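Residue-level structure breakdown
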Amino acid sequence: KINNITKKEEQKSQSDTPRPIEKTVIPKDLTQFWTHLIESTPLSGMLRPLARHCAPQMMDDMTLTVGLDAQHAHLLNPRLEKQFIDAFKPFLNNITLKIIILSPSSLLSDAPLAAQSPAVMAEKARITAEHTLKTQMLNDPIVQFAQDNLGASVIESSIKPQGVPL
């Protein structure tokens, strides 16, 4: 049994670890690819927040370009940029990772250049979940009865969805 458990744990840890890209395959959904790469790469310190604020811009046979919103440019310095690129190197094999700072005008366009970072997508999901929950609470018949007949009030700022990072 110990050997079986050890083998299963080994298989699980091997499946959780991203494998290097053996040949250049340009994924159809670059945002999903980038998000998976971030979540499965061992990033520490400021590398994970930096990665989550980067949005994939383009990928070809040689380069994966990610964009950092200009408002988060303070997260990037030459030393951190080198650590960032080095952290992804084992998983990108022959593909070079390049970081660019996105200008505010590129963020307003509808072009693929304005792809959203995992941090932006998570924030939008949180806002949507919070809005949905508030609407459900305010339209709940029991809540409406308590407001109409018992003088109750709803403190909207206290309504937070469970399971959604703040």
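My aim in this report is to walk through the structure given alongside it, one point at a time. (Residues numbered from 1 in each chain as written. Predicted model: local features only at pLDDT ≥ 70, side-chain atom pairs only at ≥ 80, totals over all residues. Heavy atoms only, no water.)

Here Ser40 lies in helix α2 (residues 30-40). On the basis of relative accessibility, which here comes to 14%, the residue Ser40 falls in the buried class. Polar side-chain contacts of Ser40 include one of 2.7 Å to the backbone oxygen of His36. (Helix = DSSP H or I, 4+ residues; strand = E, 2+ residues; numbered from the N terminus. Buried < 20%, exposed > 50% of the residue type's maximum accessible area, 1.4 Å probe, protein only. Polar contact = N/O pair within 3.5 Å; in protein donor to acceptor, adjacent residues only side chain to side chain.)

With that settled, the discussion passes to the pattern of salt bridges. Within this structure, the stated rule accounts for seven salt bridges. With its nearest N and O atoms 3.5 Å apart, the salt bridge here joins Asp86 to Lys89. Here the residue Asp86 and the residue Lys89 both occupy positions in helix α4 (residues 78-92), the gap between them amounting to three residues, near one helical turn. Classification of Asp86 as partly exposed rests on a relative accessible area of 31%. Between Glu123 and Arg126 there is a salt bridge, with its nearest N and O atoms 2.7 Å apart. With Glu123 and Arg126 both in helix α6 (residues 118-139), this residue pair falls three residues apart, about one helical turn. (Salt bridge = Lys/Arg side-chain N within 4 Å of Asp/Glu carboxyl O.)

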